[in-house]
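Observations on the model geometry
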Amino acid sequence: MRTLVVAGARPNFMKVAPILAELRRAGSPGVLVHTGQHYDAQMSDAFFRDLGIPAPDYHLGVGSGSHAQQTARVMEAFEPVLVEARPDWVLVVGDVNSTLACALVASKLREELGCRVAHVEAGLRSGDWRMPEEVNRVLTDRLSDLLLTPSHDALPNLAAEGIPSGRVSFVGNVMIDALFAGLPDARALGMPARLGLAAGGYAVVTLHRPSAVDNPEVLREILRGLGRVAERMPVAFPVHPRTAQSIAAHGLDSLLEPLRVLEPLGYQEMAGLVDGAAVVLTDSGGLQEETTALGVPCVTLREQTERPVTITEGTNRLAPWPLTPEGILASFQAAAAQPRAAPGSRSPEGWDGRAAERIVSALFARTAGRP
Ligand code: UD1
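Per chain, residue numbering runs from 1 following the sequence as it is written. The predicted nature of this model means local features are confined to residues of pLDDT at least 70 and side-chain atom pairs, given and counted, to a pLDDT of 80 or more, with totals for whole chains, interfaces and linings taken over all residues. Heavy atoms throughout the structure, all of them, feed into the side-chain values; hydrogens and water do not.

1. Looking at the packing of helix α13 (residues 267–275) against helix α14 (residues 285–294)
Packed helix pairs are characterised by how far apart their axes lie and by the angle those axes make with each other. Between α13 and α14, the least distance of the axes is 10 Å, while the angle of their chain directions is 55°. The pairing of α13 with α14 is recorded here as oblique in orientation. The two elements α13 and α14 cross, and the hand of that crossing is right-handed. Facing Tyr 267, Met 270, Val 274 and Asp 275 of α13, the residues of α14 in contact are Leu 287, Glu 290, Thr 291 and Leu 294. In this classification, Asp, Glu, Lys and Arg are treated as charged, Ala, Val, Leu, Ile, Met, Phe, Trp, Tyr, Cys and Pro as nonpolar, and every other residue, Gly included, as polar. Residue classes in the contact of α13 with α14 are distributed as five nonpolar, one polar and two charged. Only the stretch in contact is used when fitting a helix axis, every axis being a line fitted to C-alpha atoms; angles between N-to-C directions are given from 0 to 180 degrees. Secondary structure counts use DSSP, requiring at least four H or I residues in a row for a helix and at least two E residues in a row for a strand, with both numbered from the N terminus. Put simply, angles under 35 degrees are roughly parallel, angles over 145 are roughly antiparallel, angles from 65 to 115 are roughly perpendicular, and the rest are oblique. Helix crossings fall into two classes, left-handed where the near helix is turned counterclockwise from the far one by less than a right angle and right-handed where it is turned clockwise. Contact definition: two residues touch when any of their heavy atoms are within 4.5 Å.

Okay, here's the thing in structure tokens:
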């Protein structure tokens, strides 16, 4: 079985790492394509190093651009790679522009090359079509031959869109494989102490969604809310490049003063910092999942989430919408009052560190039975 594994942006790397390792263990090493959507040392290289991902077999080097430019560049660069590699499977993960771009190219060449598309993290839905990720998710699922779902709520979402259940396979959450595998090393870094923070006595914030950071009014309300939180406990804030640009462009730098501003962190550094936090406040999808797996209370700074199991079964809550400093503070206080759960004790089914095994089994099962 020949599998072309696609990774493009930061939240993809911790998903492909366990899958590539499992493919190697199964004697069928994957071929890795890095689209280059993320390219900075801290947004990409640090993750390859921390997660032990081998150097990509193909690097497309597409870089940043508008949605259309980025998606089009990935498509153009990926097509000849696919024609040359002729895999049985093109495996895409998550919901970034690279995910959709490669799924679209592969689905158009399905007949000619005999390749099929497998989507890891299929079936998540926010219902919010203003999010570029929602467009990417829905269209990638529609194009995929094998939909590998992380939680049981995904199946009814897919059924509602007319996707037959025979194409869907529940495998659990592969991001949690990487998290649990790396946790001892992440803890050994002693991140809280390195930053002068008391374990269990600080908050961690991440922000990068266009809906949160591109509009200066919304961003100002959030930063004011974080300032209120910082009156209660230190707030560590590793700043995503998109967010840094928006803060500078709108002259909001003074609102960062109460916060402990950090450069983007590597994978293990971030896992270690989150593991030691009292509360995480975030607009990230991945952190909603990682905090649930770790048992750390989380406040999600969004109107809705495509990961509702983190609320119904895990440690997550949505801040009141629209976001206000008072609402963010109230959610933080409610989350801080929640006792920390043991890692794994609040995890939904299949968030057990063995999702990559189930993904590779599902690929093999469907490859063997092929005419
Ligand atoms: C992308 C994904 C988002 C994911 C996020 C994680 C899409 C539509 N969005 O958003 O789902 O949650 O990645 O980070 O695919 N930049 C750098 N260095 C880099 C990469 C980006 O400085 O290595 C800057 C560039 O100025 C770029 C901006 O950040 O224009 C945004 O990057 P982009 O890849 O367009 O989207 P993200 O906001 O990172």
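2. Points about the confidence of the model for the protein
Taken residue by residue, the protein gives an average pLDDT of 97. The fraction at 70 or more is 99%. The predictor attaches a confidence to each residue, called pLDDT, with possible values from 0 through 100. Averaged pLDDT values over the elements of the protein bottom out at 95 in helix α17 (residues 355–368) and peak at 99 in strand β4 (residues 89–93).

3. Focus: the pattern of salt bridges
The term salt bridge refers to a pairing of a side-chain nitrogen on Lys or Arg with a carboxyl oxygen on Asp or Glu at a separation within 4 Å. Scanning the entire structure with this criterion turns up 25 salt bridges. A salt bridge links Arg 242 to Asp 214; the nearest nitrogen and oxygen atoms lie 3.0 Å apart. Of the two residues, Arg 242 sits in helix α12 (residues 241–249) while Asp 214 sits in the loop between α10 (210–213) and α11 (216–230), which places them 28 residues apart along the sequence. Exposure is judged per residue with a 1.4 Å probe applied to protein chains only, and the accessible area is read against the type maximum: over 50% gives exposed, under 20% gives buried, and values in between give partly exposed. Since its relative accessible area comes to 37%, Asp 214 is described here as partly exposed. Across the pair Asp 352 and Arg 358 runs a salt bridge, and its minimum N-O distance is 2.8 Å. Given the relative accessible area of 39%, Asp 352 is considered partly exposed. Through salt bridges with shared partners, a single network forms among Lys 15, Asp 95, Glu 121, Glu 134, Arg 137, Glu 289, Arg 302, Glu 306 and Arg 307.

4. Here we look at the sheet that holds strand β1 (residues 3–7)
Spatial strand order, β3-β2-β1-β4-β5-β6-β7: seven strands in an open sheet with parallel pairing. The open sheet has two free edges, formed respectively by β3 (58–59) and β7 (168–170), since each of these has just one partner strand. Relative to strand β6 (residues 146–149), strand β5 (residues 116–120) runs parallel, the two being bridged by three bridges. Residue Ala 118 lies in a different strand from β6, and its bridge partner there is Leu 146. For two strands to be treated as a pair, DSSP must find at least two bridges joining them.

5. Regarding the nonpolar core
Counting 57 residues, the largest nonpolar core has Ile 19, Leu 51, Ile 53, Leu 91, Leu 273 and Ile 359 as the members making the most contacts within it. Counting only domains with at least three residues in this core, you end up with domain 1 (3–172 + 352–367) and domain 2 (184–336). Those residues within four positions of Leu 91 in sequence are excluded, and the remaining contacts are Thr 3, Leu 4, Val 5, Val 6, Ile 19, Ala 118, Val 120, Ile 359 and Leu 363. In plain words, nonpolar cores are sets of buried Ala, Val, Leu, Ile, Met, Phe, Trp, Tyr and Cys residues tied together by side-chain atoms within 4.5 Å. Core analysis: the next-biggest nonpolar cluster, separate from the first, contains 29 residues, Ala 212, Phe 237, Ala 278 and Ala 335 among them. Segment limits for the domains were obtained from an automatic or database-derived domain assignment.

6. Notes on the site of the ligand
What surrounds the ligand is a group of 19 residues, the closest being His 38, Asn 97, Glu 133, His 208 and Arg 242. Whenever a nitrogen or oxygen atom comes within 3.5 Å of another N or O atom, the pair is scored as a polar contact, on the condition that within protein one atom can donate a hydrogen and the other can accept it, and that pairs from neighbouring residues in sequence are kept only if both atoms are in side chains. His 38 is positioned such that a nitrogen or oxygen atom in its side chain is 2.8 Å from an oxygen atom of the ligand. Residue His 208 places a side-chain N or O atom 2.7 Å away from an oxygen atom belonging to the ligand. Protein contact buries 88% of the 740 Å² of open area that the ligand shows by itself. Elements supplying a minimum of two residues to the shell around the ligand: α3 (67–85), α6 (132–143) and α12. Considering every element that reaches the shell around the ligand, the biggest residue donor is α12, with three residues. When its residues are assigned to classes, the shell around the ligand shows six nonpolar, nine polar and four charged. There are two domains that each give the shell around the ligand at least three residues, and those are domain 1 (3–172 + 352–367) and domain 2 (184–336). We call a residue near a given molecule or strand whenever any one of its heavy atoms falls within 4 Å of it. To measure how exposed things are, a 1.4 Å probe is used in the Shrake-Rupley method; for residues, cover is taken only from the protein chains shown.

7. Here we look at the sheet that holds strand β12 (residues 298–300)
The strand order β10-β9-β8-β11-β12-β13 describes an open sheet built from six strands, whose pairing is parallel. Each edge of the sheet is formed by a strand with only one pairing partner; in this case those strands are β10 (260–262) and β13 (316–318). Averaged over all pairs of adjacent strands, the angle between their axes in this sheet comes to 20°, without regard to strand direction. One ladder, built from three bridges, connects strand β11 (residues 279–282) with β12; its direction is parallel. Bridge pairing links Leu 281 to Val 299 in β12. Strands β8 (203–206), β11, β12 and β13 of the sheet are contacted by α14, whose axis makes an angle of about 165° with β11.

8. Examining the pairing of β11
With burial as the criterion, each face of β11 is covered, one bearing Val 279 and Leu 281 and the other bearing Val 280 and Thr 282. By the bridge criterion, four bridges tie β8 to β11 in an arrangement that is parallel. Bridged to Val 204 within β11 is Val 280.

9. Some thoughts on the packing of aromatic side chains
Side-chain rings of Phe, Tyr and Trp (the six-membered ring for Trp) are treated as a pair once their centres are within 6.5 Å; stacked means planes under 30 degrees apart, edge-to-face means over 60, and tilted covers the remaining angles. The tally for this structure, following the rule as stated, stands at three aromatic pairs. Measuring from ring centre to ring centre gives 6.4 Å for Phe 13 and Phe 47, while their planes differ by 50°; the resulting arrangement is tilted. With Phe 13 in helix α1 (residues 10–25) and Phe 47 in helix α2 (residues 41–51), the pair connects residues that are 34 residues apart, well separated along the chain. Phe 47 matches Phe 13 in its accessibility class, with the two residues each being buried. Here Phe 13 and Phe 48 contribute two aromatic rings whose centre-to-centre distance is 5.2 Å and whose plane-to-plane angle is 65°, an arrangement assigned as edge-to-face. Highlighted residues: Phe 13 in helix α1 and Phe 48 in helix α2, separated in sequence by 35 residues. Look at Phe 13 and you get buried, because its relative accessible area is 0%.

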